[in-house]
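Structural characterization, general
As a plain string of letters, each chain reads:
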4 protein chains.
Amino acid sequence: MAGNSIGTIFKLTTFGESHGEYIGGVLDGCPSNITIDMDIINHDLLRRNPKTFFSTARIETDQVEIISGIFDGKTLGTPIAFLIKNTAQRSEDYEILKHCFRPSHADYTYQTKYGIRDYRGGGRASARETAARVVAGSIAKQILQQHGITIFAFTSAIGKIEVEKDYKMLDLNLRDTNALYCPDSDKVQDMQTHLKEVADNDDSVGGIITCVIKGCPVGLGEPVFDKLQADLAKAMMSIPSAKGFEYGDGFEMAKMYGSQCLDIFNNDLSLQSNHSGGIQGGISNGEDIFFRVAFKPIASLRMSIPLTHEDGNSETRKIGGRHDVCQVPRAVPIVEAMAAITILDKMLIAQSYH
Amino acid sequence: MAGNSIGTIFKLTTFGESHGEYIGGVLDGCPSNITIDMDIINHDLLRRNPKTFFSTARIETDQVEIISGIFDGKTLGTPIAFLIKNTAQRSEDYEILKHCFRPSHADYTYQTKYGIRDYRGGGRASARETAARVVAGSIAKQILQQHGITIFAFTSAIGKIEVEKDYKMLDLNLRDTNALYCPDSDKVQDMQTHLKEVADNDDSVGGIITCVIKGCPVGLGEPVFDKLQADLAKAMMSIPSAKGFEYGDGFEMAKMYGSQCLDIFNNDLSLQSNHSGGIQGGISNGEDIFFRVAFKPIASLRMSIPLTHEDGNSETRKIGGRHDVCQVPRAVPIVEAMAAITILDKMLIAQSYH
Amino acid sequence: MAGNSIGTIFKLTTFGESHGEYIGGVLDGCPSNITIDMDIINHDLLRRNPKTFFSTARIETDQVEIISGIFDGKTLGTPIAFLIKNTAQRSEDYEILKHCFRPSHADYTYQTKYGIRDYRGGGRASARETAARVVAGSIAKQILQQHGITIFAFTSAIGKIEVEKDYKMLDLNLRDTNALYCPDSDKVQDMQTHLKEVADNDDSVGGIITCVIKGCPVGLGEPVFDKLQADLAKAMMSIPSAKGFEYGDGFEMAKMYGSQCLDIFNNDLSLQSNHSGGIQGGISNGEDIFFRVAFKPIASLRMSIPLTHEDGNSETRKIGGRHDVCQVPRAVPIVEAMAAITILDKMLIAQSYH
Amino acid sequence: MAGNSIGTIFKLTTFGESHGEYIGGVLDGCPSNITIDMDIINHDLLRRNPKTFFSTARIETDQVEIISGIFDGKTLGTPIAFLIKNTAQRSEDYEILKHCFRPSHADYTYQTKYGIRDYRGGGRASARETAARVVAGSIAKQILQQHGITIFAFTSAIGKIEVEKDYKMLDLNLRDTNALYCPDSDKVQDMQTHLKEVADNDDSVGGIITCVIKGCPVGLGEPVFDKLQADLAKAMMSIPSAKGFEYGDGFEMAKMYGSQCLDIFNNDLSLQSNHSGGIQGGISNGEDIFFRVAFKPIASLRMSIPLTHEDGNSETRKIGGRHDVCQVPRAVPIVEAMAAITILDKMLIAQSYH
């Protein structure tokens, strides 16, 4: 209710401020007696921290520390609590924010809602919090993998440079071969050139992540409100900077005729097409589930920006701290994590009463 | 958990199949001692049933019947249960569906998930269910109105015919003056012409609904998972046929530079622009909240379509029943209802612990 | 959250005021494709209405009306909504209560909490509401029966007349052979004599219900907060007039030594004794689960009682309406219903993630 | 759902196994901008660890470590995560339990439910977990104090030695002047003598804790299922070893006549008596709320007990580890904590929609 938990059976609660000692989470409802590979979790944390010129200089050598719920490498069925140390804090960068609000940030809304805020580095509103999601998502992905379900998110647009090919034409495993997490090698160079220009301007730029879920059985999703697409949309729109969500043919379908987008059955009850994006009536239909998430450019710019004091006066200045030029590639494992948490939760629900 | 409830404090549970005797709902957590106007509810139900050539011939003269929770015209603070009679059922139209699946419908996924389904008119998967949402939403809108919050949804695209003006250039109250719920009188004629063509082809077409929420105080939304945009996205994506959601500048922001979309404060802490769409860090910031929802064309076509038997064999034929050419205008009060339920719930949460 | 729902997967929401047109409920999360026998439900409703001199004269020939979620006699997996008509209302009996509060009733607390109340017959606070619980419980019992789980509640004390035999010495099926739902035929006559005396005094008397759950598998209950005994306690203490709950050897164990109440394993891992009452560490252990619920005498007396006006002035008078001398026997199917709802919910949870 | 959270708005999730590095918790939904005194929390932790001959030799110098949600001594409105280090673990004492089940413990039920368990010191089933509850409860008590609500739990029986005086005849603050947390100085000596005898026999003994909540406003509790007494009962019955709960006159009321237990109004709408225990219709009525919780003797005895191997064979032997003779006094701050969590949650709910 207070907003820091997601999921119903497989439920993640995260905690921590950007410049506190730790961020972390508690995962309740994880199936028991399952072997979890810590290296995979730490690798996913690393994927969230690509070391490239266009992303933050903050060196996050995140390593998860599990403090409960896993015993001799296996899940106990009890809550899995975990910590990630906040190492490279430079709180002094943020002293100026104690009484000032940055434009397009959460400073003002947090201050007004709670009457107090941890102004250092965005506090709770910092995307730093998503590291905890990646840990939980990595556990979820490992469990889903054992059920034959795999999740592939990738960068499909950086600013105006878009991957145009259908995802089926791409080898999605290639996404991990470059720092942009883009599986279309034809576009990677253009994207990098674009990012270089943006960085030279001390500006930032947005982008799009596409996510494909393969191997999902028929039957996940709980109509009429907890439809699979509804909970995926919520999970994605809870990621910092997400501005839009669409699945299947998405917004394009608003312009289409019904006769253009019927997904007709084959003899084996598979489908001839997948305009619907793997979901019918809120329930997975056995086809690939795919969706796209739009991200705005981050508002923490390297250039000077107008900073507004509580009393309403503004001054234009540079804000310290480490600012990405484009956070989209780093959001790829976050999208995967939120998808995995959602799908596993739905799988456990479907196991319960059906 | 089983998916038929939405909201946490202000919680709606709906029930009913398309061709049962009633559909209805229970609204728990409605503030007490508030006067509710039944005529407004019935008028909202009527808005969901515009009588035009392009929508279903099913005559739904829906009238809500309140059976608990309202006493002498006021809310008791106890559950408000309500019924809406299903009058114009023609179950015989659907006998063919007993063992057959329509393409791009929920027939197959419901049958596989539950092992059984009410095949008449889509059963629980029918958009008929949304009438219950409209009732709850109408109650929520009446309460929000008393807090100075108003919600305006309108048709902003029918197929390729789009409203291009910024919503601020339009008189949103005009939306109720035509059967399309479009406030841009310049576009209504084009839309109607387009719909006529689609109808002549026995086809259907999609569209987009824009929704604007005015008067929202600062502070609604619960980070990090129950952000206001996340719960709005979930609420919208739970509507039948919704395929996409975006708020503020939405997908366009993926192509923008950070410097293009900063919402800079005025001296009174209002904002000079609203690229963000009224939400920062998951919390309302006092500006207009606006978002868009994309709808696919409905898959129940008047033309012949391939119908697939459980055994995998298909035949092409016309399906009886009443089929809209475009359901988008009818979804306008549904979008308003889901927005109202979400906003009121967030308002009550904000009253609780802050 | 607003308190009218119970259960997590198998979730019941009830609605309705005592003197409205209907009371009823919605049951979400019921397993699908299960045959439900309406006669059993109506019979359980009848058990709640024994026609004897010591219980209310209100003739409740309750019949449940299912309006969704069951199709051709089978559950659809969609919400099961049901209504029970309130027939024998005599609202005029209650006009005096419009501005007065009865002692030991909910009149004052409802009025103060909600600022309004339906004063007729207790409104929402009336035990009339429990008829809806009996319907849901009857459905739950039918499903549990298919899993070999049976629930036997019975009257174990009326005032000072107590059943002293261990439940294992009794044929629990005999409880339905008398209007007191007491399986100890030696005590039934004493109880009836006692009730006659109480009735002659226009007074009321309390009692105790014992409940035994047989056939429960090992593994139900979710530590550390949703322990099986914790959720059973909550379910029981939500019944009107319940004042105490104990399981296993209960309050007696406070006086015992540890060495007196060890439940030692047999070679087959069954237990030699059952002081624990079938639960260890919050989880069912395969033995009989048993507990006792204490009920206070109802406060709606036939004799004159002090009635207090909103302004604080009191007058002593008789209150119209129909008043039980002892409601305990009528609560037997309610205890069974709440136990069944709790156990089935736990069973579905256990199926989900373990 | 998986059972490690309690509360709806003010929600505590606990984690940790007895012999892991930490136990701890996350508190979401705590009101923001409230000063919290760490010394009070640590003092409550100390109250849970009275150093006397009859309780465990394990030296728990528990100190809470807050890792998020509190900034400059004030709550941020974000999740409060906290850790308590497990210091004095002696895992070797428990090696024998790897493949054996102790009688009247959770070893067997955990193993069967989860297919795995942390056998060291009871793992998750250890009462060690309740230290996390005490931290959250201490925060809740501090907030309630600011609203004039105070909670007094005390030992009212150790085995057969019972406090007979009405709590109103006692100075409840005296409870903290002795290691038994008993405010009736006449009984403390008898209790200590009794405990000495039990200790000499290497046995254990149960007891009863009474809890009184003063200053509660009218209106807390959410009928019909989340009645105040129902949620108090659940909270109490979730404490390890709790076997019974009763409020107001409790089980005694089963034997009373209705005319004996009417709580009649005074002119100012206060009550002349409080048989009801401060709750009417599930809602607090402004009087003292009081209830009693029965605890069984702990099953970890110092004497030899039969230990059963997975294969069913038993041997009688002493189990290492530190065993209380009577855990009841140590449960006093736990009862207070669970009461405080429940009452504060209900207060926040009441603030939300009423």
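See the structure printed just above.
The notes below deal with the structure included here. In this text the structure is predicted, and so the values were computed from the model without any measurement. (Residues numbered from 1 in each chain as written. Chains lettered and ligands numbered in written order. Predicted model: local features only at pLDDT ≥ 70, side-chain atom pairs only at ≥ 80, totals over all residues. Heavy atoms only, no water.)

Moving on, we come to the overall build of chain A. Counting its secondary structure elements, chain A contains six helices and 17 strands. In terms of C-alpha radius of gyration, chain A reaches 21 Å, essentially the compact-globule figure of 20 Å for 354 residues. Looking at chain A as a whole, 71% of its 354 residues are labelled buried. If you take every contact in chain A between residues at least 6 apart in sequence, the share linking residues at least 24 apart comes to 72%. (Helix = DSSP H or I, 4+ residues; strand = E, 2+ residues; numbered from the N terminus. Rg over C-alpha atoms; globule rule 2.2 N^0.38 Å. Buried < 20%, exposed > 50% of the residue type's maximum accessible area, 1.4 Å probe, protein only. Contact = heavy atoms within 4.5 Å.)

Right, let's get into the interface of chain C and chain B. Each partner contributes residues to the interface: chain C has 40 residues there, and chain B has 41 residues. Between chain C and chain B the total buried area reaches about 3,200 Å² when both faces are included, carbon and sulfur atoms providing 64% of it. Counting across the chain C and chain B interface gives zero salt bridges. At the junction of chain C and chain B, the tally comes to 10 residue pairs in polar contact (both at pLDDT 80 or more). (Buried area = accessible area lost by both parts, 1.4 Å probe. Salt bridge = Lys/Arg side-chain N within 4 Å of Asp/Glu carboxyl O. Polar contact = N/O pair within 3.5 Å; in protein donor to acceptor, adjacent residues only side chain to side chain.)

Residue and element names in this part refer to chain A. Two numbers describe how helix H5 (residues 228-237) lies on helix H6 (residues 328-353): the axes approach to 9 Å, and their chain directions differ by 145 degrees. Handedness of the crossing formed by H5 with H6: right-handed. Packed against H5, whose contacting residues are Leu228, Asp231, Leu232, Ala235 and Met236, the element H6 presents Val335, Met338, Ala339, Thr342, Ile343 and Lys346 at the interface. Counted by class, the contact of H5 with H6 contains eight nonpolar, one polar and two charged residues. (Axes fitted to C-alpha atoms, helices over the stretch in contact; angles between N-to-C directions. Left-handed = near helix turned anticlockwise from the far one by under 90°. Nonpolar A, V, L, I, M, F, W, Y, C, P; charged D, E, K, R; others polar.)

Another point: the sheet that holds strand S15 (residues 289-295) of chain D. Through backbone hydrogen bonds, the strands of a sheet pair up, either in parallel or in antiparallel fashion. Pairing in this open sheet of 10 strands is antiparallel, and the strands run S10(C)-S9(C)-S11(C)-S15(C)-S12(C)-S12(D)-S15(D)-S11(D)-S9(D)-S10(D) from one edge to the other. Only two strands of the sheet have a single neighbouring strand rather than two, namely strand S10 (161-162) of chain C together with strand S10 (161-162) of chain D. Note that strand S12 (residues 242-247) of chain C and strand S15 (residues 289-295) of chain C share five bridges and pair antiparallel. Bridged to Phe245 of chain C within S15 of chain C is Val293 of chain C. (Pairing = 2+ DSSP bridges.)

In this assembly, 106 residues from chain A lie in contact with 107 residues from chain B. Together, Lys113, Phe225 and Lys243 of chain A form the three largest contributors to the area buried by chain A at its contact with chain B, with a combined 10%. Applying the counting criterion to the chain A and chain B interface returns six salt bridges. Residues Lys234 of chain B and Asp226 of chain A are paired through a salt bridge, measuring 2.6 Å at the closest nitrogen-oxygen approach. If you look at where chain A meets chain B, you find 41 residue pairs in polar contact (both at pLDDT 80 or more). Class assignment for the residues of the side of chain A that touches chain B results in 50 nonpolar, 35 polar and 21 charged.

The next thing to look at is the nonpolar core. Counting 356 residues, the largest nonpolar core has Phe291 of chain A, Phe291 of chain B, Phe291 of chain C together with Phe291 of chain D as the members making the most contacts within it. Non-local contacts of Phe291 of chain C, meaning those with residues more than four positions away in its chain, are made with Ile209, Thr210, Cys211, Ile213, Leu232, Met236, Phe245, Glu246, Tyr247, Val335 and Ala339 of chain C. (Core = buried A, V, L, I, M, F, W, Y, C linked by side-chain atoms within 4.5 Å.)

As a further point, take unusual backbone geometry. A cis amide bond, omega 5 degrees, links Pro223 of chain B with the succeeding residue Val224 of chain B. Note on placement: Val224 of chain B falls in the loop between strand S11 (207-214) and helix H5 (228-237). We note that Asn33 of chain A has phi near 65 degrees; this positive angle belongs to a residue other than glycine. Of note, Asn33 of chain A is situated in the loop between strand S3 (22-28) and helix H1 (38-47). In this structure Asn33 of chain A comes out as partly exposed when scored by relative accessible area, which is 34%.

Enumeration according to the criterion identifies 100 salt bridges over all chains in this entry. The closest approach of N and O atoms between Arg47 of chain C and Asp44 of chain C, which form a salt bridge, is 2.9 Å. Of this pair, Arg47 of chain C and Asp44 of chain C both sit in helix H1 (residues 38-47), three residues apart, which is roughly one turn of that helix. You can call Asp44 of chain C buried: its relative accessible area is 5%. The salt bridge involving Arg133 of chain D is made with Glu129 of chain D; its shortest N-O contact spans 3.0 Å.

Turning to the relation of the copies chain A and chain B, a few remarks are in order. Placing chain A over chain B gives an RMSD of 0.0 Å and needs a rotation angle of 180 degrees, together with 0.0 Å of translation along the axis. Overall, the copies show the geometry of a two-fold rotation axis. A shared interface surface links the copies, since 100% of the contact residues of chain A are contact residues in chain B too. (Least-squares fit on C-alpha atoms with pLDDT ≥ 70 in both.)

Mapping chain C onto chain B leaves a residual RMSD of 0.0 Å; the transformation is a rotation of 180 degrees accompanied by 0.0 Å of translation along its axis. In this assembly the copies share their binding face: 100% of the residues contributing to the interface of chain C also contribute to that of chain B.

Our focus in this paragraph is the environment of Thr210 of chain B. Residue and element names in this part refer to chain B. Following the sequence through the fold, Thr210 ends up in strand S11. Its relative accessible area of 8% is what places Thr210 among the buried residues. In this structure, the C-alpha to C-alpha distance between Thr210 and Met256, residues 46 residues apart in sequence, is 21 Å. If we skip the residues at most four places from it in the chain, Thr210 touches Phe152, Ala153, Phe154, Ser156, Phe291 and Arg292. Reaching out from Thr210, the side chain makes a polar contact with the side chain of Ser156 at a distance of 2.8 Å.

Residue and element names in this part refer to chain A. The strand order S8-S16-S17 describes an open sheet built from three strands, whose pairing is antiparallel. Each having just a single partner strand, strand S8 (100-101) and strand S17 (314-317) make up the two edges of the open sheet. Here strand S16 (residues 305-309) runs beside S17; their pairing, made up of four bridges, is antiparallel. The partner of Pro306 across the bridge, within S17, is Thr316.

Right, let's talk about the side chain of Ser68 of chain A for a bit. Residues and elements named next belong to chain A. Positionally, Ser68 belongs in the loop between strand S4 (64-66) and strand S5 (70-71). For Ser68, a relative accessible area of 3% gives the class buried. Only 3.1 Å separates the side chain of Ser68 from the backbone nitrogen of Ala81, close enough to count as a polar contact.

Our focus in this paragraph is the side chain of Thr130 of chain A. Note on placement: Thr130 of chain A falls in helix H3 (residues 130-146). When near neighbours in sequence (up to four residues on either side) are disregarded, Thr130 of chain A contacts Arg48, Pro240 and Ile334 of chain A.

Here the focus is helix H4 (residues 185-200) of chain A. Residue and element names in this part refer to chain A. Helix length check: H4 (16 residues) gives 23 Å between terminal C-alpha atoms against 22 Å at 1.5 Å per residue, within 8%. Here H4 has its buried residues at Lys187, Val188, Met191, His194, Leu195, Val198 and Ala199. Mapping the buried residues of H4 onto a view down its axis gives an arc of 135 degrees, with all of them on the same face. In H4, the exposed positions angled more than 90 degrees off the buried face are occupied by Asp186 and Asp200. Buried residues along H4 sit against strand S9 (150-158) and strand S10 (161-162). (Expected span 1.5 Å × (residues − 1). Arc of directions from axis to C-beta.)

That's the geometry; what it means functionally is another story.
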